[in-house]
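Analysis of the macromolecular model
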Amino acid sequence: MSFGIALSGINAAQTDLNVTANNIANSATHGFKQSRSEFAELFAVSPQGVSRTQVGNGVKVSTIAQQFTQGNISTTNNSLDLAMSGQGFFVLSDDGASAYTRAGAFQIDNGGYVVNSEQQRLQVYPPSTTGGFNTSTLSDLRLVTNDSAPNPTGNAEIVYNLPANAPVPVTAVFNPADPTSYNNATSLTVFDSLGAAHTASMYFVKTANVNEWQSRLYVDGTAVGGPQTLQYSNTGVLTSPANGQVAFPAYTPATGAQPLTLNFDFSRSSQYGDGFSVTSVTQDGYTTGRLIGIDVDSTGVVQARFTNGRSLELGQVAVANFANAQGLQQLGNTNWAETFGSGQAVRGQAGNSGFGLIQSGALEASNVDITAQLVNMITAQRNFQANAQMIQTADQVTQTIINIR
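Overview of the structure. Every value quoted in this text rests on a predicted model; they were computed, and no experiment measured them.

Cut-off values and rules
- Residues numbered from 1 in each chain as written.
- Predicted model: local features only at pLDDT ≥ 70, side-chain atom pairs only at ≥ 80, totals over all residues.
- Heavy atoms only, no water.
- Helix = DSSP H or I, 4+ residues; strand = E, 2+ residues; numbered from the N terminus.
- Rg over C-alpha atoms; globule rule 2.2 N^0.38 Å.
- Contact = heavy atoms within 4.5 Å.
- Phe/Tyr/Trp six-rings, centres within 6.5 Å; stacked < 30°, edge-to-face > 60°.
- Buried < 20%, exposed > 50% of the residue type's maximum accessible area, 1.4 Å probe, protein only.
- Lys NZ or Arg CZ within 6 Å of the ring centre and 35° of its normal.
- Pairing = 2+ DSSP bridges.

Turning next to the overall build of the chain. In terms of regular secondary structure, the chain is built from two helices and 29 strands. Rg of the C-alpha trace for the chain: 38 Å, well past the compact-globule value of 22 Å for 405 residues, more than 25% over. Counting only C-alpha atoms, the chain reaches 140 × 40 × 35 Å along its principal axes. Intrachain contacts of the chain at a sequence separation of at least 6 include 60% that bridge at least 24 residues.

According to the stated counting rule, one finds 17 aromatic pairs in the structure shown. Ring centres of Phe204 and Phe276 lie 6.2 Å apart, and the angle between their planes is 50 degrees; this geometry places the pair in the tilted category. On the criterion of sequence distance, the pair formed by Phe204 in strand E13 (residues 197–206) and Phe276 in the loop between strand E20 (270–271) and strand E21 (277–283) is long-range, its members being 72 residues apart. Aromatic side chains Phe248 and Phe264 sit 5.7 Å apart centroid to centroid with 90 degrees between the ring planes, which places their arrangement in the edge-to-face category. Of this pair, Phe248 sits in the loop between strand E18 (245–247) and strand E19 (263–265) while Phe264 sits in strand E19; the two residues are 16 residues apart in sequence, bridging distant segments of the chain. Summarising the burial analysis for this pair, Phe248 and Phe264 share the class buried. Just above the ring of Tyr113 sits the side chain of Arg121; from NZ or CZ to the centre is 3.7 Å.

Turning our attention to the side chain of Thr186. Tracing the backbone through its elements, the reader meets Thr186 in strand E12 (residues 184–191). Under the relative-accessibility criterion, Thr186 is labelled buried at 15%. Excluding residues that lie within four positions of it along the chain, Thr186 makes contacts with Ile158, Ala200, Ser201, Met202, Phe204 and Val278.

Time to look at the pairing of E12. Examined bridge by bridge, E12 and E13 share eight bridges and lie antiparallel to one another. Counterpart to Phe191 in the pairing with E13 is Ala197.

Once that is clear, we can look at unusual backbone geometry. Looking along the chain, the bond that leaves Ser240 and enters Pro241 is cis, with omega of 0 degrees. Relative to the helices and strands, Pro241 resides in the loop between strand E17 (238–240) and E18. The backbone of Gln119 sits at a positive phi, close to 65 degrees, despite the residue not being glycine. Within the fold, Gln119 resides in the loop between strand E8 (114–115) and strand E9 (121–125). Of note, the phi angle at Asn333 is positive, near 55 degrees, even though the residue is not glycine. Structurally, Asn333 is set in the loop between strand E25 (329–332) and strand E26 (335–337).

If you want it as C-alpha cells, here you go:
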C-alpha cells in the first residue's frame, strides 16, 4: 500500500512541477494568467463507515486553478495595443466562434480588420444611427480606408472691431484692387462641396452716414452680390441687421461643385477706438481628409482621425466578464472559451460597473511572479524526492521480509 501512496505523491509532485514549468515558460507572454496546483487527500471509504485506524490512500491533484490577478501594464508605441486594467476580457471572433483574451496585441490585416496574431478579429459595438453605440450586437472592428468626405462652408463668423473715427474712402467707386476705395479688409478660407478651398475676402467701407458701414464679399476675386449695410450705435454696438446675420447670394465655384451659399455672423463685431482688428475667424466647412491615426479612449471608443481635423467613431470595444473566470477553458494563444462552469459571458462597456478600463498603446504583462515560481519549484522538487525516498524505504522493508528464513 505504501508503494501506491508514494506513487500518488510522485505523480502529484510531477504535475506541480509541470504547472510551475508552464508558468515560468510564459512569464514573458502578454496577457498570460498563471495557474496553481491544488491537491486533495485520498481515502477509501467503506459502506460501513470509516475506521478509526484508517490510513489515507495518498494524494491527487484536485484542480489546476487559473489565477486572474492583474498583470503589470507596460506602454508601447502602437495605438492598437490595448491593455485591460481591472476586470474583463476582450472579445474575439474566430470565424464566428467567440473567444476571450487579456492579450491586446492587435494589428491590421489586408482587409482593414483589427486582428491578433492568429487572425482572430476584435469585436466592437457598432455605432448607432441615432448616436452612441448599439450594445445589442457585435461586429468586427474595421478601420476605414477611404477618405473623409468634405463639407461645404455654409456659416462663418468674424469677430472684428472697426475704427470709430474712420473717414469715408477717398475713391468713391469700390475696387478691391484699390486700397483707397475701402477702409479695411480681412479674408478666410472656405470650402465647396468637392472639398476645394476658396479665398473669401471681406471688405469694409465707411459711408457718409454716421456709424454706418458697408461690407462686400469677394470669393476668389469674384464679387458675391452687392454691398451689405452694417449700422452701429453711438456706443459701438451692431444694431442692424438686428441679429448680426448677413446672408450673401449663392456663388457658383469654377470647380463644378454645388453653389456656395455663405451666411456671415457679425453679431460680435464692434466699432470702437481708432484701430481695425480681427480677433476670431471661424467657418463650418472642411476639405477632404486622409486617415492619419486611430485613437482608443479609456472606455474603448475607437475613433479614426483625418487630416481635415475630423474624427469618426468606428465602434466601442466590447468587453466581457464571467461569474467564475476560473471555469473558463484554455484554448491556447492566451485565449479562453466559455464553459458551463464559467457561466455565460456578461458583455458590457469598459468603465461600467464590473468592468475595468482600457489603456491604448499599452500591453498587460504576464502575472507570473518568477521568484514565487522558483520557490514553488524547489518545494515540488523536495516533495518528489521525499516520495521517491518513501518508495525506496518501502522496497527495503519488502526486501527484508522476503529475506526472512
